[in-house]
Every structure is written in C-alpha cells, then in structure tokens.
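One letter stands for each residue in the lines below.
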Amino acid sequence: MKFLKTLLFLTLVFTIGCKDKKVAKEAEPAEVKKLPNIVVIYTDDLGYGDISANGATEINTPNIDKLANGGVRFTNGYATSATCTPSRYGLLTGVYPWRNKQAKILPGTAPLIITTEQTTIPKMLKTKGYHTGIVGKWHLGLGSGMVNWNERVSPGPNEVGFDYAYIMAATQDRVPTVYIENGDVVNLDKNDPIEINYKDNFEGQPTGKDNPELLKMKWHHGHNSSIVNGIPRIGYMKGGESAKWVDEDMADHFLKGAQNYVKQHKNEPFFLYYAMQQPHVPRTPHPRFVGKSGMGPRGDVIVEADWCIGEFVKTLEEEGLLENTLIVFSSDNGPVLNDGYYDDAVEKLGKHTPGGGLRGGKYSLFEAGTKVPFFTYWKGKIQPTVSDALICQLDLLSSLSKLVDSDITTEDSQEVLDAFMGKSTTARKDLVLEANRKTAYRNGDWALIPPYKGSAVLKEVNIEIGNSSDYQLYNIKEDRSQQNNLAQSNPEKLAEMIAGYTAIRGKQEGEIKEVELK
Ligand code: NG6
Ligand code: CA
C-alpha cells in the first residue's frame, strides 16, 4: 500500500512537472523574444528650438542630437496639447484630450483621469507579453477621491497598464514632493504622515508668501504655498520629511530608475516610458551642471537632460539592446521662460530661441505650443532622415500596436508606423490641437485657430496664446512663424478648414462663427 501511494505520488509529481515545463514553453514563444523594446523619452516643456538638432546654436545637446540625426527627425511632429496633463493623456490613451473634461493641468490631489477600463499603450503591449514601466513624471491624477498618501495610493499607473511605476505624482512645483514606487511613497516614516491640501495651509507651516527669508528661489507668480528644499510650491504639505525629494538630485534619481529598469528587464520585451522633469520649473540643475549653458538654470537643466539621455542610451548599448530598441523622443508641450519663479530664464536667454522661430509657446494655440521636438531612433533599423510628415503623439498607440502585430487601436490614434520608421512621409491628413480647453486645427500646410474670447497674451508668462475675435488662418509652409493671417484673403480655404475642424471637433457653442463666402 505504502509503495503504491509512493508510486502514485511520484507519478503525480512527474506529470505536474511536465505540465509546468509545457506551460513555461508556451508562455515564451520564439516570436515574443523578437519583439523590440520600446522606450519613450518624454521631456517636460522642451521647445522645438531647444535642441541643436532642430537648429539651436546657443545651446548644445550632443546626445539628443545623436538620436535625432541618426533617426527620423520630424519637422511636423505634435503633442496633442500645449500643456502637460492633456498631452500625457493623449500619448498614453490614444484619445484626444479634449474629449475628457478632466484632462487639464491637475493639482497633486486630483483623481486618476484614465479609467482602469481604458486602452493604453502599456496595456496594449502587455497583451503581447511586454513588461511595462514608467519612471518620472505622471501628472494624470492618482486615486479616486481623497488620497491618503500614507497608504498604498491607487488606482494609478499600475492599474492602467504599468507593471512598474516610479513616479512623481504631478509636477516638480506641486506637492506632494515625494517619489512614489508602485503606489507607495518611498522612504515614508509612518510616524510623520503626509497631509496635503490645495486650499488651506496647515497651522504653523511656513509659506513662500509669508516667509521669503526661507527661500533659495523666489516665486514670481503662483508658487507661494509650502516651502520644500527652500523652494516655494503650489499646494500645502505637512509631514513626510524623510520622504521629500531633493530637487537637485531628481535627474540622477530618475536616470538611475530608468537604467535599473532596463537592466532588470533586458531578457524580455519591455516598454519604458521615461518621463523626464526638465526643463519644467523649478529648474534645479545638479551642481555638476550649474553654469554649464551660460543661460542660467533653464539652459543648465537642458544640458543636464541631454547628459541623462546620453547615459541612458549608453546603458542600452552596454546591455546589447540598442539594435533591438525603438526610441521615441518628444516633449509634452512647447517652451516657457518665466513660468512662475525668478530663475533668470528671461534675463539670460541671449540669442537662444526655445520655440525655434515658431509663434507662441507653452499654453498657446500657435505652433510653438504643440509642435515639439519629435524623433524616432532605432539603430540599424531606421535610416537617418528628416521627415515633414504630419504626426502626433496620439498616433503612437495605433502605430506601436501595428509594430508588435496587435490589432488594438483607438479611433483618434492613426496608424502611421511607416512614417515613424522613416519609410513614408505620408501620415495624418489633419489634426486637432488643444491649449487650455480651446482647440485649433492643422490640415496639410494649413493651420486654423477659431475665434476665442480672452486676452491675446497670457500676461504672467508673456506668451501669445492665440485668442482673437477673428478666425486665424496660416499657411505654415510658407509662413512658419504665423505672421500673415489669410482668413480674409482666402475664404475658400477658410471654409474648407472650418469644415474639416468641425467634422472632428463638433460644433463648439459660441466659438465657431459662420464665415461668409464671397
Ligand atoms: C501652471 C503653473 C506653472 C506650471 C503649469 C503646469 C502657476 C501660476 N503656474 O498653473 O508653473 O506648473 O501649471 O505645467 O501656478 S505643465 O507642464 O505640467 O502643464
Ligand atoms: Ca509640460
């Protein structure tokens, strides 16, 4: 009997063992191994003209240039929006951000604006066996109401497709000023719990407004609430001392996170969204980079970002991954100089043109708001070229889906893989762009901005945002800097553009005026 039992047991073990092997084999078919790694490097507020590959002469970005000049460098590559949250929403979900009312610049306490049912790039890639990670800026909301930062914060990136997430919740200038790893605040001392409030200060806590003597960086507009690391922020924070980040180390910190992610997942196809914080405010270069650009902190953090990208690519190379990794580089929106702190960005600009001659900047419906540095690099696979194809970050979802042979797409995200691979210059026909909940339209060589109420210039930041009581129509091929409004002189084109715009955007109450055709 005992012998029989043992035999039965052994037979069972053997069968289960065999089954295990079979399962393991099935989970790792040969094709999974061949899938390329995908890395999206995303900068924050970097303008079209902020990199030497796009013509900057006053600042040097050799590491970025190496990728831009070794891949497809787009001259008509767009973010979906002229600010951060909506652009990141569009990039990850493949849905126009203006379709979601919550897709606007969010406070650090905002709930997650991507639903856990929604399609996202990482979710799509996971269906093909990818490991997915984000390191850097999130700014798409966390939790589903009042977040308790002292417990696991959820839902967040992990619940919308990222297997690994090492993030800052919102922006460098907003509380909570802590890193969050897979939902948990890193280095949090439970005896010193974090409290966050965007309306009222906590009793006895110093603020930028009342305690200028504690500041190492002065605020210009906004940014006068809690002080962390001598820098006044947006929003009030109490507690969490041991968890607070040191701004000057942030770039190194995220770089390490991105490098470690690559090293840990090099044996499986991976997707990494490396969302860098530069050159968003507060601009806090590591001492190694202070003074390196001659342009003050804004230039210095661009030099720092360039170095980080060089180091990151070096890691891919050292790990033998460069030939099997598609790198997509872009920025969430256009440039701004004074975005709320006195940091010499205006004073030390010299001859540098962050917008590369485009009109407007961050927050703007003019070109500089959304036309951003954009390129794809894949060693040995993508031939160096400059492309004027009209493409948008929105298109990554469907295009990457094609690349990995998935059939997941969204209506707004167009499959333009050949353009991303430099094999075609035909891509989108048209595109709706967004800034501060207002929208504009690109089609072929043309740009349309419908009439909007409000001042033409956003005073604090000194940027033309595109408001005008009249329609604006520009031929951006002939008039790159949008100086000649052709709405009056070309009513046929104007009508055509309005029709194209309305077809996508729908009629906007009180915004779209009828035009009279001559
Ligand atoms: C604005 C902030 C600006 C920046 C921006 C978000 C003020 C006055 N200005 O509200 O400094 O933080 O939000 O930038 O508070 S973004 O790149 O994340 O969209
Ligand atoms: Ca931004």
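Residues numbered from 1 in each chain as written. Chains lettered and ligands numbered in written order. Predicted model: local features only at pLDDT ≥ 70, side-chain atom pairs only at ≥ 80, totals over all residues. Heavy atoms only, no water.

**Structural notes on the environment of glycine 136**
- Relative to the helices and strands, glycine 136 resides in strand 4 (residues 131-137).
- In sequence terms glycine 136 and methionine 168 are 32 residues apart; their C-alpha atoms lie 6.1 Å from each other.
- Each residue touching glycine 136, except ones within four places of it in the same chain, is listed here: Tyr166, Ile167, Met168, Phe254 and Ala275. (Helix = DSSP H or I, 4+ residues; strand = E, 2+ residues; numbered from the N terminus. Contact = heavy atoms within 4.5 Å.)

**A look at unusual backbone geometry**
- With an omega of 0 degrees, the peptide bond between valine 175 and proline 176 qualifies as cis.
- Structurally, proline 176 can be placed in the loop between strand 5 (164-168) and strand 6 (179-181).
- Here the amide bond leading from glutamine 278 into proline 279 is cis, since omega sits at -10 degrees, within 30 degrees of zero.
- Locating proline 279 in the fold gives a position in the loop between strand 12 (270-275) and helix 7 (297-318).
- If you check the backbone angles, aspartate 45 has positive phi at about 75 degrees while not being a glycine.
- Inspection of the secondary structure assignment puts aspartate 45 in the loop between strand 1 (37-43) and helix 3 (62-70).
- Positive phi is not limited to glycine here, since asparagine 187 has a value of about 65 degrees.
- Looking at the element boundaries, asparagine 187 is found in the loop between strand 7 (184-185) and strand 8 (195-197).

**Some details on the packing of aromatic side chains**
- Applying the stated criterion to the full structure yields 19 aromatic pairs.
- Here tyrosine 166 and tyrosine 179 contribute two aromatic rings whose centre-to-centre distance is 5.5 Å and whose plane-to-plane angle is 25 degrees, an arrangement assigned as stacked. Taken together, the positions of tyrosine 166 in strand 5 and tyrosine 179 in strand 6 put the pair 13 residues apart, joining distant regions of the chain.
- A relative accessible area of 8% means that tyrosine 166 is categorised as buried.
- With relative accessibility at 7%, the residue tyrosine 179 sits in the buried group.
- An aromatic cluster of at least three residues, connected via ring pairs, comprises Tyr42, Trp138, Phe162, Phe271 and Tyr273.
- Sitting over the ring of tryptophan 307, arginine 288 keeps its end group 4.7 Å from the ring centre. (Phe/Tyr/Trp six-rings, centres within 6.5 Å; stacked < 30°, edge-to-face > 60°. Buried < 20%, exposed > 50% of the residue type's maximum accessible area, 1.4 Å probe, protein only. Lys NZ or Arg CZ within 6 Å of the ring centre and 35° of its normal.)

**Looking at the site of ligand 1**
- In the neighbourhood of ligand 1, 21 residues make up the surrounding shell, with Cys84, Asp173, Arg174, Asp339 and Lys362 lying closest.
- Residue lysine 362 places a side-chain N or O atom 2.8 Å away from an oxygen atom belonging to ligand 1.
- The protein chains hide 85% of the 450 Å² of surface that ligand 1 would expose on its own. (Near = heavy atom within 4 Å. Polar contact = N/O pair within 3.5 Å; in protein donor to acceptor, adjacent residues only side chain to side chain. Areas by Shrake-Rupley, 256 points an atom, 1.4 Å probe, with all protein chains shown as cover.)

**Points about the domain arrangement of the protein**
- Under the domain assignment used here, the protein contains domain 1 (35-194 + 239-428) and domain 2 (432-505).
- A C-alpha centroid distance of 27 Å is found between domain 1 and domain 2.
- Facing 35 residues of domain 1, the contacting portion of domain 2 comprises 27 residues.
- In this assembly, domain 1 packs against domain 2 so that about 2600 Å² is buried in total across both faces, 56% of it on carbon and sulfur atoms.
- Looking at the side of domain 1 facing domain 2, the largest losses of area belong to Trp98, Arg359 and Leu365, adding up to 34% of the total buried there.
- Across the domain 1-domain 2 interface, the total number found is two salt bridges.
- Across the salt bridge formed by glutamate 464 and arginine 359, the nearest N and O atoms sit 2.8 Å from each other. (Domains from an automatic or database assignment. Buried area = accessible area lost by both parts, 1.4 Å probe. Salt bridge = Lys/Arg side-chain N within 4 Å of Asp/Glu carboxyl O.)

**Considering the coordination of the calcium ion (ligand 2)**
- Listed as protein donors to the calcium ion (ligand 2) are Asp44 (OD), Asp45 (OD), Asp332 (OD), Asp332 (OD) and Asn333 (OD1); their distances from the metal cover 2.2 to 2.7 Å.
- Ordering the donors of the calcium ion (ligand 2) by residue number gives the pattern D-D-x286-D-N. In this pair, aspartate 45 is assigned in the loop between strand 1 and helix 3 and aspartate 332 in the loop between strand 13 (325-331) and helix 8 (367-370), connecting sequence segments 287 residues apart.
- With a relative accessible area of 1%, aspartate 45 lands in the buried category. (Donors = N, O, S within 2.8 Å, 3.2 Å for Na, K, Ca; no water.)

**Thoughts on the side chain of aspartate 300**
- For aspartate 300, the position within the fold is in helix 7.
- In this structure, aspartate 300 is buried with no salt-bridge partner, the nearest side chain bearing the opposite charge being lysine 348 at 7.5 Å.
- Side-chain polar atoms of aspartate 300 contact the side chain of serine 293, separated by 2.7 Å. (Lys, Arg positive; Asp, Glu negative; His and termini not counted.)

**Digging into the sheet that holds strand 17 (residues 430-435)**
- Pairing in this open sheet of four strands is antiparallel, and the strands run 17-18-19-22 from one edge to the other. What marks the edges here is a single partner per strand, and that holds for strand 17 and strand 22 (472-475). Direction aside, the axes of adjacent strands within the sheet are offset by 20 degrees on average.
- Where strand 18 (residues 438-443) and strand 19 (residues 446-449) come together, three bridges link them in antiparallel fashion. Across the sheet, arginine 442 pairs through a bridge with alanine 447, a residue of strand 19.
- Docked against the sheet, helix 11 (residues 491-505) engages strand 17, strand 18, strand 19 and strand 22, running at close to 120 degrees with respect to strand 18. (Pairing = 2+ DSSP bridges. Axes fitted to C-alpha atoms, helices over the stretch in contact; angles between N-to-C directions.)

**Brief notes about the packing of helix 6 (residues 250-264) against helix 7**
- Put simply, helix 6 and helix 7 touch, their axes get as near as 10 Å, and they point 15 degrees apart. By the angle between their directions, the pair helix 6 and helix 7 is classed as roughly parallel. Both helix 6 and helix 7 take part in a crossing whose hand is right-handed. Where helix 6 approaches helix 7, its residues Ala251, Asp252, Leu255, Ala258, Gln259, Val262 and Lys263 are matched on the opposing element by Glu304, Trp307, Cys308, Glu311, Phe312, Thr315 and Leu316.
- A class-by-class count of the residues in the contact of helix 6 with helix 7 yields eight nonpolar, two polar and four charged. (Parallel < 35°, antiparallel > 145°, perpendicular 65-115°, else oblique. Left-handed = near helix turned anticlockwise from the far one by under 90°. Nonpolar A, V, L, I, M, F, W, Y, C, P; charged D, E, K, R; others polar.)

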